[in-house]
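Listed below, chain by chain, are the residues.
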Amino acid sequence: MTTIPERTRRTGKMPVPPISMISCFLIDIEGTIVKDKSYAPVEGAAEWLKKVKSSGEKFSLVSNNTTHPPEELLSLLKSQGFDLEAQNLDTCMQVTGEWLKKKKIQSCFVLGNQALKKYLEEQEFEVREDSLVQSVVAGLDEELNFQKLKTATRALVENNARLVALHANKIYGDSKGEIAPSVGAVVKALEYASGKRGLIMGKPSIDFYRNVLRRLETKPENSLMISDDPLSDLVGAKKLKIKTAFVLSGKYDQSILKSLDKKKRPDYVYESIAQIKI
Ligand SMILES: [Mg+2]
């Protein structure tokens, strides 16, 4: 993971504003409440979440996780000390299954791990290993190779398949805590090869956020999206006028903000989620 520069840690001069008018928290998982794909909790995150729960504020963990089906992800987080229920989770996997059904798409070629394939099979989609499919579903595939990219490209070009991106993250922290290319990087390659646009299912899609807010019956201006990814998660949330908080416990340090226009920068910056006052 990118570490926070020593200078920032020492001075600790991060703005820690009081959050008023917020009655709903949308919370990223990796880099925000857990460190990375090791799922080790960020210090104080479980206690913070407990406080939110007992305060009666609404919240949802909004996740772009493509390697664990929702139920599995929930039990993994519970085993790490997070007190959660199924209704506290919205993931891009759920949304992808729902979207494919709505579009009456029956078959897919999957870039992703066995868990994603199994999840789609359980939702009664035909998961094929060749290019004769109606969709290419792109999740995180740590065994990605040229042959898989070729099959996906053939499905898009020769079979006119839809390109379905579980999300559009640029990078992620792997289980060793090292930076690696994420789903968005692979989707860009397939878009370039095929000339097609990928449809993004999870964050930062506006529809994704909109559906979560609708489910929670809350307004964007009363909601705070907390994430370690200001480029993807927070820029998307800002488009809907959701308030945004960037936490430095994940893959980026504060210097990443220089690459964003002022208008696109997060409203708040915290060292970690545990600093946010409830
Ligand atoms: Mg994250």
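None of the values given here were measured: they were computed from a predicted structure. (Residues numbered from 1 in each chain as written. Predicted model: local features only at pLDDT ≥ 70, side-chain atom pairs only at ≥ 80, totals over all residues.)

### So, the overall build of the chain
The test is simple: In this description a helix means any DSSP run of H or I spanning at least four residues, a strand means any run of E spanning at least two, and both kinds are numbered starting from the N terminus. It is over C-alpha atoms that the radius of gyration is taken, and the globule rule equals 2.2 Å times the number of residues to the power 0.38. Residues with at least 20 neighbouring C-beta atoms inside 10 Å of their own are called buried, those with 12 or fewer are called exposed, and the rest are partly exposed, where every C-beta is derived from the backbone. Whether two residues are in contact is decided by their C-beta atoms, placed from the backbone, lying within 7 Å.
The helix and strand tally for the chain stands at 9 helices and 13 strands. The C-alpha atoms of the chain give a radius of gyration of 19 Å, which matches the 19 Å a tight globule of 278 residues would have. Over its C-alpha atoms, taken along the principal directions, the chain stretches across nearly 55 × 35 × 35 Å. Counting across all 278 residues of the chain, residues that qualify as buried make up 42%. Within the chain, counting contacts between residues at least 6 apart in sequence, those at least 24 apart form 70% of the total.

### A short note on the sheet that holds strand E7 (residues 162–165)
The strands making up a sheet are joined through hydrogen bonds of the backbone, oriented either antiparallel or parallel. Test applied: Strand pairing requires that DSSP identify at least two bridges connecting the strands. Only the contacting stretch of a helix is used when fitting its axis, a line to C-alpha atoms as for every element, and angles between N-to-C directions run 0 to 180 degrees.
Strand order in the open sheet made by the 5 strands is E5-E4-E6-E7-E10, with parallel pairing throughout. Strand pairing shows two members of the sheet lacking a second neighbour, strand E5 (126–128) and strand E10 (199–200), which therefore form its edges. As defined by bridge partners, strand E4 (residues 107–111) adjoins E5 across 3 bridges and the pair is classed as parallel. Bridging across to E5, phenylalanine 109 finds its partner in arginine 128. Strands E4, strand E6 (135–138) and E7 of the sheet are contacted by helix H6 (residues 146–158), whose axis makes an angle of about 145° with E4.

### Quick notes on H6
How we decide: Each residue after the first adds 1.5 Å to the expected span of a helix. Read the arc as the range of directions from the helix axis to the C-beta atoms.
Look at H6: 17 Å from first C-alpha to last across 13 residues, which is about the 18 Å you get at 1.5 Å a residue. When we look at burial in H6, the residues that qualify are Ala152, Ala155 and Leu156. Projected down its long axis, H6 shows its buried positions confined to an angular sector of 95°, all on one face. Exposed side chains of H6 directed beyond 90 degrees from the buried face belong to Phe146, Gln147, Lys150 and Glu158. Structurally, H6 contributes buried residues whose contacts are with E4, E6, E7 and helix H7 (183–194). The positive-phi residue at the C-terminal boundary of H6 is asparagine 160, with phi of around 50°.

### Some words on the domain arrangement of the chain
Stated formally: Boundary definitions for the domains trace back to an automatic or database domain assignment.
Splitting the chain by domain gives domain 1 (6–64 + 206–275) and domain 2 (102–200). The straight-line distance from the C-alpha centre of domain 1 to that of domain 2 is 27 Å. Taken residue by residue, the interface counts 11 residues in domain 1 and 12 residues in domain 2.

### Let's talk about the sheet that holds strand E12 (residues 243–247)
If you trace the 6 strands from one edge of the open sheet to the other, you get E3-E2-E1-E11-E12-E13, paired in parallel fashion. Two strands close off the open sheet at either side, each with one partner strand: strand E3 (89–91) and strand E13 (268–270). Direction aside, neighbouring strands of the sheet carry axes that sit 25° apart on average. In the sheet, strand E1 (residues 24–27) pairs with strand E2 (residues 58–63) via 4 bridges, with the strands oriented parallel. What sits directly across from phenylalanine 25, in E2, is phenylalanine 59.

### A word on the pairing of E6
Because side chains alternate across E6, one face comprises the buried residues Ser135 and Val137, and the other comprises Val136 and Ala138, equally buried. Pairing between E4 and E6: 4 bridges, direction parallel. From the neighbouring strand, cysteine 108 faces E6, where its bridge partner is serine 135. In this sheet, E7 lies alongside E6 in parallel orientation, the contact comprising 4 bridges. Considered in E7, the bridge of alanine 138 is made with alanine 165.

### Observations regarding the packing of H6 against H7
Test applied: Any angle that is under 35 degrees is reported as roughly parallel, and any over 145 degrees as roughly antiparallel; angles of 65 to 115 degrees are reported as roughly perpendicular and all others as oblique. Crossing chirality is assigned from the near helix's rotation relative to the far helix, an anticlockwise turn below a right angle marking it left-handed and a clockwise turn marking it right-handed. Throughout this entry, Asp, Glu, Lys and Arg are counted as charged residues, while Ala, Val, Leu, Ile, Met, Phe, Trp, Tyr, Cys and Pro are counted as nonpolar. The remaining residues, Gly among them, count as polar.
Between H6 and H7, the least distance of the axes is 10 Å, while the angle of their chain directions is 45°. Considering their axes alone, H6 and H7 lie oblique with respect to each other. The crossing of H6 and H7 is right-handed. Judged by residue contacts, Leu149, Ala152, Thr153, Leu156 and Val157 of H6 engage Ala189, Leu190, Ala193 and Ser194 from H7. Among the residues forming the contact of H6 with H7, the class breakdown is 7 nonpolar, 2 polar and no charged.

### What about the nonpolar core?
Definition in use: Linking buried Ala, Val, Leu, Ile, Met, Phe, Trp, Tyr and Cys residues through C-beta atoms within 7 Å yields a set, and such a set is a nonpolar core.
Of all hydrophobic cores here, the largest spans 65 residues; its most connected members are Leu26, Ile33, Val136, Ala138, Ala165 and Ile226. Among the domains, domain 1 (6–64 + 206–275) and domain 2 (102–200) are the pair contributing at least three residues each to this core. Setting aside chain neighbours within four positions, we find leucine 26 in contact with Ser60, Val62, Val212, Ser223, Leu224, Met225 and Ile242.

### Focus on the environment of alanine 45
On the secondary structure map, alanine 45 appears in helix H2 (residues 45–55). Looking at alanine 45, the number of C-beta atoms within 10 Å reads 23, which means it is buried. Contacts of alanine 45, omitting those with residues within four sequence positions, involve Ile33, Ile273 and Ala274.

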